[in-house]
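Architecture at a glance
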Amino acid sequence: MLIDSFGRTVDYIRISVTNRCNFRCQYCMPDTPEDFFDAEEDIPLAQLLELVKVAIDEGVKKIRITGGEPMIRKDLDWFIAQIYLYNPEIDIALTTNGFYLRHFAKSLKEAGLKRINVSLDSLKPERVALISKKNVLPQILEGIDLALSVGLIVKLNMVPLKGVNEDEIPDLIAFAQSKKVTIRFIEFMENSHAKEGATGLRQKEILERVAERFSYKKIEKEFFGPATLYELEGGGKFGIIAPHNDDFCESCNRVRISSDGKIIPCLYFEDAVDAKEAMEKGDREGIRRALLQAVTNKPEKNEWREEDNKTSGRAFYQTGG
């Protein structure tokens, strides 16, 4: 069992299988050239699998696969299938921009994937193109429908940006209701790789937008999750992830693995433990030591101190942020 210095049990890892992405979203890496990344820099999935096995042996129960865009990686269904074969009880989830879902939803479900989070920042094609620099809304919507049809549990994620898509918060709630899925609104996370001048809505502002059309009440917080959940009058739920608050840090149960082999104790904390060499050598004890060190290094709270005007220097495509 992995227990950090503050008594929190760490049983959840998020694995970024690649830095690469086919979108260039305003809140992530809008100015990164399309040919910036080298596929050969990604840790081979077979090596990542050894880390996953060590983590499962140490008590990890949930694995989320992220990126970049994880479905860019070849043999992703093989990777998921190997995790499932090693321990069918592991909760395997994936976060995606949704573009490739129409091609891979069925094979990923058959491999053992249970849940999927899809980014959906607008229901207007021109706005999706503005935010992501790609005209891709029809493909995303098709992917969501296909994921639901094959039996995947789907959640939607939206990052509300001021002057861009904030007025669509009620529309996206209505869309989620129509699909019988939960939507979560994520506060924009300031980082040096995002579009200059991008500004997000805070939790209070998001709730004000929701109240323009819906009545809601706060419900019990999602167990060991970062989202504060709300129940809508007439059915359905939505959540808000507010990283500018640190109230969920006390129950944080996760560490992150970057696609270059670093174990990151906290999304908004610059510390990391390099496990690449141990993974390359297939050194399970070395991987275990790196994992234990990262858990030991896990901070009590994130470093998002608004009064210090903190901005992350680590790109979120590196950590599945």
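The shown structure was predicted, so the numbers you read here are calculated from the model rather than taken from an experiment. (Residues numbered from 1 in each chain as written. Predicted model: local features only at pLDDT ≥ 70, side-chain atom pairs only at ≥ 80, totals over all residues. Heavy atoms only, no water.)

This next bit is on the pairing of strand E3 (residues 91-96). Counting buried residues in E3 gives five out of six residues, a clear majority hidden from the surface. Relative to E3, strand E2 (residues 62-66) runs parallel, the two sharing four bridges. By the bridge assignment, Arg64 is partnered in E3 with Ala93. In this region the chain leaves E2, passes through helix H2 (residues 76-86) and returns to the parallel neighbour E3; the handedness of that crossover is right-handed. Two elements, E3 and strand E4 (residues 115-119), share four bridges in a ladder whose sense is parallel. Across the sheet, residue Thr96 finds its bridge partner in E4, namely Val118. (Buried < 20%, exposed > 50% of the residue type's maximum accessible area, 1.4 Å probe, protein only. Helix = DSSP H or I, 4+ residues; strand = E, 2+ residues; numbered from the N terminus. Pairing = 2+ DSSP bridges. Right-handed = clockwise from strand over helix to strand, strands pointing away.)

The next thing to look at is helix H3 (residues 101-111). Turning to H3, its buried residues number three or more, namely Leu101, Ala105, Leu108 and Ala111. Along the long axis of H3, the arc covered by the buried residues comes to 135°, so they all point the same way. Residues of H3 that are exposed and point more than 90 degrees away from the buried face comprise His103, Lys106 and Glu110. Looking at the packing, one finds that the buried side of H3 touches H2, E3, E4 and helix H5 (137-149). Two residues or fewer after H3 comes Gly112, characterised by a positive phi angle close to 130°. (Arc of directions from axis to C-beta. Contact = heavy atoms within 4.5 Å.)

Before going further, it helps to examine the pattern of salt bridges. Counting across every chain of the model gives 19 salt bridges. Ionic pairing is found between Lys179 and Asp145, a salt bridge with its closest N-O pair at 2.8 Å. Here Asp145 lies in helix H5 and Lys179 lies in helix H6 (residues 169-179), a separation of 34 residues in the sequence. Via salt bridges that share partners, Glu50, Lys53, Asp57 and Arg284 belong to a single interconnected network. (Salt bridge = Lys/Arg side-chain N within 4 Å of Asp/Glu carboxyl O.)

Here Leu292 lies in helix H9 (residues 284-297). When the C-alpha positions of Leu292 and Glu58 are compared, they lie 9.3 Å apart, and in sequence the two are 234 residues distant. Once residues lying within four places of it in the same chain are set aside, the contact partners of Leu292 are Leu2 and Glu58.

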